[in-house]
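In case you want the letters, here they are:
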Amino acid sequence: MAFWGDYHTHTYYSRRNGKRHATGSVLENALAAKRRGLKELAVTDHGYAHFYGLKDETAFEALRTDCEKAEMLTGVRIYAGLENDLDQRSGKDKSVSPFAEFKDGMPRGLQIVQGGYHAMVETPTMFRNLLFWARNVIFKFLPGRKKLKAKNTAAYKRLIDEYPIDFIGHLNRGILADAVEVAKYAHERGVYIELNGRHKSLKKKDIKAMVAAGVEFICNSDAHKPENVGTAPVALKLIKKYDIPYELIANWERLPDFRSANFKNARAKLPDAQKETDK
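The notes below deal with the structure included here.

Criteria and thresholds
- Residues numbered from 1 in each chain as written.
- Predicted model: local features only at pLDDT ≥ 70, side-chain atom pairs only at ≥ 80, totals over all residues.
- Heavy atoms only, no water.
- Buried < 20%, exposed > 50% of the residue type's maximum accessible area, 1.4 Å probe, protein only.
- Helix = DSSP H or I, 4+ residues; strand = E, 2+ residues; numbered from the N terminus.
- Pairing = 2+ DSSP bridges.
- Phe/Tyr/Trp six-rings, centres within 6.5 Å; stacked < 30°, edge-to-face > 60°.
- Contact = heavy atoms within 4.5 Å.
- Polar contact = N/O pair within 3.5 Å; in protein donor to acceptor, adjacent residues only side chain to side chain.
- Arc of directions from axis to C-beta.
- Axes fitted to C-alpha atoms, helices over the stretch in contact; angles between N-to-C directions.
- Parallel < 35°, antiparallel > 145°, perpendicular 65-115°, else oblique.
- Left-handed = near helix turned anticlockwise from the far one by under 90°.
- Nonpolar A, V, L, I, M, F, W, Y, C, P; charged D, E, K, R; others polar.
- Core = buried A, V, L, I, M, F, W, Y, C linked by side-chain atoms within 4.5 Å.

## Quick notes on the pairing of strand 6 (residues 112-116)
Burial analysis of strand 6 places 5 of its 5 residues in the buried class, the great majority of the element. The side-chain alternation of strand 6 yields two buried faces, one formed by Ile 112, Gln 114 and Gly 116 and the other by Val 113 and Gly 115. Judged from the 5 bridges that link them, strand 5 (residues 77-85) and strand 6 form a sheet pairing that is parallel. Residue Asp 85 lies in a different strand from strand 6, and its bridge partner there is Gly 116.

Next up, the structure:
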């Protein structure tokens, strides 16, 4: 029994001024995936608004080209993606786009669409975002907690409604929202909730409530090194500790059916022989 795909990994495309946030190339991640017997892999380096994110669409096109080359060399199906960033202001201000990266549409070559919150995002400024993170994580006991939680929940919902999100990465990490409400809303719309391989961001009671509601999860490594591709130690512990049925893990002994047209178009390009093998 094993995972068939890993849809959240990083390479040295996640960097700033030469300083790498992650080590390893796309090919090294792909080779690691092949060694672990994965059928599919997504490279989801940080989005344009992140401190260590890709600079622009030109950089993303270079990443996508590397994915195509690595797929040809390894035989592992590789999707080019980005770890896009939730703009928390969108829960309060309807004029703000839920995605910090994309205000005029997503890149055509984006084959898998991930969304989640990060503190190290330069929208509107890094300082203001870090203050927001501190309000949610360190000073969450301050007055106005319920209003803050409601606004953040609304931001997640807008993200799901306004963009073809395939899964939400590390829900509630660094941000305070109603995780169960978001997860149920996502499930009703065909969006997976990630159980992250490196970070625990969900509480026991929240996971239990999600399982009771039939929410489907996706387990990913969030690998920042090639040797961690295909592993998800934190997620596996949660599965065992909280008795999460493997039938609710979308990439456990099966391939997930992500909802975005970008992803569906990319998978449709698989050779017929490989499609039969993956069933």
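Structure shown, so let's carry the discussion forward.
## Some words on the packing of aromatic side chains
Enumeration according to the criterion identifies 14 aromatic pairs in this entry. Ring geometry for Phe 3 and Trp 252: centres 4.9 Å apart, planes at 85 degrees, overall edge-to-face. Of this pair, Phe 3 sits in the segment before strand 1 (5-6) while Trp 252 sits in the loop between helix 7 (233-241) and helix 8 (261-268), placing them 249 residues apart in sequence. In this pair, the class of Phe 3 matches that of Trp 252, namely buried. Between Tyr 79 and Phe 263, the aromatic rings sit 4.8 Å apart at their centres with planes inclined by 40 degrees, giving tilted as the arrangement.

## Considerations on the environment of His 170
Note that His 170 resides in the loop between strand 7 (167-168) and helix 5 (179-188). Sequence separation between His 170 and Leu 202 is 32 residues; the distance between their C-alpha atoms is 8.1 Å. Other than its neighbours up to four places away in sequence, His 170 contacts His 8, Glu 83, Tyr 117, His 118, Glu 194, Asn 196, Ser 201 and Asp 222. Separated by 3.1 Å, the side chains of His 170 and Glu 83 make a polar contact.

## Points about helix 8
If you check which residues of helix 8 are buried, you get Phe 263, Ala 266 and Arg 267. Considered in projection along helix 8, the buried side chains sweep an arc of 95 degrees and stay on one side of the axis.

## As for the sheet that holds strand 4 (residues 40-46)
With parallel pairing, 7 strands are arranged side by side in an open sheet as 1-4-5-6-7-8-9. Single-partner strands in this sheet number two, and they are strand 1 and strand 9 (217-220). With 4 bridges joining them, strand 8 (residues 192-196) and strand 9 adopt parallel strand pairing. When the sheet's bridge partners are listed, Leu 195 is paired in strand 9 with Cys 219. Packing of helix 2 (residues 57-74) onto the sheet brings it into contact with strand 4 and strand 5, and relative to strand 5 it is tilted by some 150 degrees.

## Side note on the side chain of Thr 11
Mapped onto the elements of the fold, Thr 11 is located in the loop between strand 1 and strand 2 (15-16). A relative accessible area of 0% means that Thr 11 is categorised as buried. Within the structure, Thr 11 has its side chain in polar contact with the side chain of Asp 45 (distance 2.7 Å). Ignoring any residue separated from it by four or fewer positions in sequence, one finds Thr 11 in contact with Ala 22, Thr 23, Gly 24, Ser 25, Val 26, Asn 29, Val 43 and Asp 45.

## Concerning the packing of helix 5 against helix 6 (residues 204-212)
The geometry of a pair of packed helices is captured by two quantities: the angle between their axes and the separation between those axes. Put simply, helix 5 and helix 6 touch, their axes get as near as 9 Å, and they point 25 degrees apart. Overall, the two elements helix 5 and helix 6 adopt an arrangement that is roughly parallel. When the axes of helix 5 and helix 6 are compared, the crossing they make is right-handed. Contacts between helix 5 and helix 6 pair Ala 179, Val 180 and Ala 183 from the former with Asp 206, Ala 209 and Met 210 from the latter. Per-class residue counts for the contact of helix 5 with helix 6 are 5 nonpolar, no polar and 1 charged.

## Points about the nonpolar core
With 63 residues, the main nonpolar core has Tyr 156, Ile 168, Leu 171, Ile 193, Leu 195, Phe 217 and Ile 249 as its most contacted residues. Not counting the four nearest positions on each side in its chain, Tyr 156 is found in contact with Leu 86, Tyr 117, Ile 168, Leu 171, Asn 172, Ile 175, Ala 177 and Val 182. Counting 13 residues, the second-largest nonpolar core is a separate cluster that includes Tyr 7, Tyr 79, Ile 112 and Phe 263.

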